[in-house]
Structures are given as structure tokens and as C-alpha cells.
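# A closer look at the structure
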Amino acid sequence: MNWDKLDLELTEIVEKRNLLAEMDYSDAKYDDLEEELHDLEDDFNADYEEVLETELEKIYAVLKSDTDILLPTAYLANKYKPLLPDARGIISYEVLGREGVPIESDQFDRQDVRLVLVPNPARFLMIINGNPLKVLWRSR
């Protein structure tokens with residue numbers, strides 16, 4: 001698995017999602033950007049669904065959740081907060097608020113538990129009640 005390629009493609013999607021989140025629907029470029037984003041997401045799902053679904057199955061088993069596993073892009077947040085670049089100039093991201101896919105599990109009685117996919121490195125975060133809590137899987 002080429003994790004660097006996955007991160008590059010995931011980062012491109014995240015950057016476009018951030019741009020879209022800041023645009024108004026009436027912006028002339030909105031529809032074109034949205035269409036471009038959907039194409040990137042379709043390609044990402046085609047390339048990485050099998051690998052990421054395997055990891056999601058493991059995560060769901062640990063969380064003892066019988067919630068349906070969705071396509072990888074369903075786990076993307078609507079907006080990401082960029083962090084400062086690392087020594088190699090690579091920007092990582094964090095997610096705040098109620099983003100990602102809700103997960104039902106008896107382990108988290110009456111709490112809002114969600115999974116979100118974040119790039120650099122690619123990872124699935126568990127967010128509880130809007131606060132990032134734990135990395136459940138990391139690509140490297």
C-alpha cells in the first residue's frame with residue numbers, strides 16, 4: 001500500500017472540502033468545485049475502499065458496534081482545521097465539533113460518538129461529544 005499516495009489524494013479532497021465550506025452557494029465556482037470534489041471522492045473510494053474497509057471492520061469490532069460500515073469518504077469531515085507544517089512541510093489536520101459518522105455502541109452510553117478520516121498521516125479518529133478523543137487507526 002502506498003500510504004504517501006493515499007495521503008496526497010486525501011489531502012486534496014480535504015483542501016477542496018475546506019474551500020467549499022467557505023463558499024456561498026451563489027458563488028459561480030461552487031458547482032464546478034463540488035463536481036470536482038465528487039469525482040475525487042469517487043476515485044478515492046474506488047482506490048482505497050477495500051483497504052480502509054478492512055480497518056473499519058477492526059475498529060467496529062473493538063467498539064462492539066453493529067452500525068453499518070460506509071464508504072471511506074463518508075467518514076470525511078465537512079471542514080478541517082490545518083495545523084502548522086512539520087519539518088518536511090507537510091500539513092496535518094484536526095477536526096473539531098460533531099463531524100464524521102455516528103457510531104452506536106453500548107460502551108458509550110448516550111454519548112455522541114463519531115468516526116472521522118483525517119490525512120497526514122491517514123487516520124481514523126474517534127470524536128466523542130464533539131471532542132477528538134483517540135486515534136483508532138493510523139496508516140503509519
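Values in this document were obtained by computation on a predicted structure and should not be read as measured data. (Residues numbered from 1 in each chain as written. Predicted model: local features only at pLDDT ≥ 70, side-chain atom pairs only at ≥ 80, totals over all residues. Heavy atoms only, no water.)

## What about the sheet that holds strand 3 (residues 101-102)?
- Read from one edge of the open sheet, 4 strands run 3-4-5-6, paired in antiparallel fashion. Here the strands that pair on one side only, and so sit at the sheet edges, are strand 3 and strand 6 (131-138).
- Sheet topology note: the strand 4 (residues 113-118)/strand 5 (residues 123-128) ladder contains 6 bridges and is antiparallel. Within strand 5, the residue paired with Arg 114 across the bridge is Ile 127.
- Seen against the sheet, helix 2 (residues 30-63) touches strand 3, strand 4, strand 5 and strand 6 and runs at an angle of roughly 145° to strand 4. (Pairing = 2+ DSSP bridges. Helix = DSSP H or I, 4+ residues; strand = E, 2+ residues; numbered from the N terminus. Contact = heavy atoms within 4.5 Å. Axes fitted to C-alpha atoms, helices over the stretch in contact; angles between N-to-C directions.)

## Here's the deal with the nonpolar core
- Tyr 80 and Leu 115 are the most contacted members of the largest nonpolar core, which totals 37 residues.
- When residues of this core are traced back to their parent elements, those giving at least two are helix 1 (3-22), helix 2, strand 4 and strand 5.
- A total of 11 residues in this core trace back to one element, the largest contributor, which is helix 2. (Core = buried A, V, L, I, M, F, W, Y, C linked by side-chain atoms within 4.5 Å. Buried < 20%, exposed > 50% of the residue type's maximum accessible area, 1.4 Å probe, protein only.)

## Let's talk about a negative patch on the surface
- A surface patch of negative charge is lined by Asp 31, Asp 32, Glu 35, Asp 39, Asp 42, Asp 43 and Asp 47.
- Note on placement: Asp 31 falls in helix 2.
- For Asp 31, a relative accessible area of 53% gives the class exposed. (Patch = residues over 30% accessible without salt bridge, like charges linked within 9 Å, V, L, I, M, F, W, Y side chains within 5 Å. Areas by Shrake-Rupley, 256 points an atom, 1.4 Å probe, with all protein chains shown as cover. Salt bridge = Lys/Arg side-chain N within 4 Å of Asp/Glu carboxyl O. Lys, Arg positive; Asp, Glu negative; His and termini not counted. Charge placed at Lys NZ, Arg CZ, Asp CG, Glu CD.)

## Digging into the side chain of Asp 7
- For Asp 7, the location among the structural elements is in helix 1.
- Within the structure, Asp 7 has its side chain in polar contact with the side chain of Arg 140 (distance 2.5 Å).
- Apart from residues lying up to four places away in sequence, Asp 7 is in contact with Pro 119, Asn 120, Pro 121, Ala 122, Ser 139 and Arg 140. (Polar contact = N/O pair within 3.5 Å; in protein donor to acceptor, adjacent residues only side chain to side chain.)

## Points about the packing of aromatic side chains
- Evaluated as defined, the whole model comprises 6 aromatic pairs.
- With a centroid separation of 4.9 Å and 50° between ring planes, the pair formed by Phe 44 and Tyr 48 is classed as tilted. A residue pair is termed a helical-turn pair when its members lie 3 or 4 positions apart in one helix, as Phe 44 and Tyr 48 do in helix 2 at 4 residues. Like Phe 44, the residue Tyr 48 is buried in the burial classification.
- Between the aromatic rings of Phe 124 and Trp 137, the centroid separation amounts to 5.7 Å while the plane-to-plane angle is 45°, which identifies the pairing as tilted. Of the two residues, Phe 124 sits in strand 5 while Trp 137 sits in strand 6, which places them 13 residues apart along the sequence. Assigned by exposure class, Phe 124 and Trp 137 land together as buried. (Phe/Tyr/Trp six-rings, centres within 6.5 Å; stacked < 30°, edge-to-face > 60°.)

## Description of the environment of Gly 97
- Here Gly 97 shows up in the loop between strand 2 (93-94) and strand 3.
- As a C-alpha pair, Gly 97 and Asn 129 span 32 residues in sequence and 7.6 Å in three-dimensional space.
- Apart from the residues within four sequence positions on either side, Gly 97 is in contact with Ile 127 and Gly 130.

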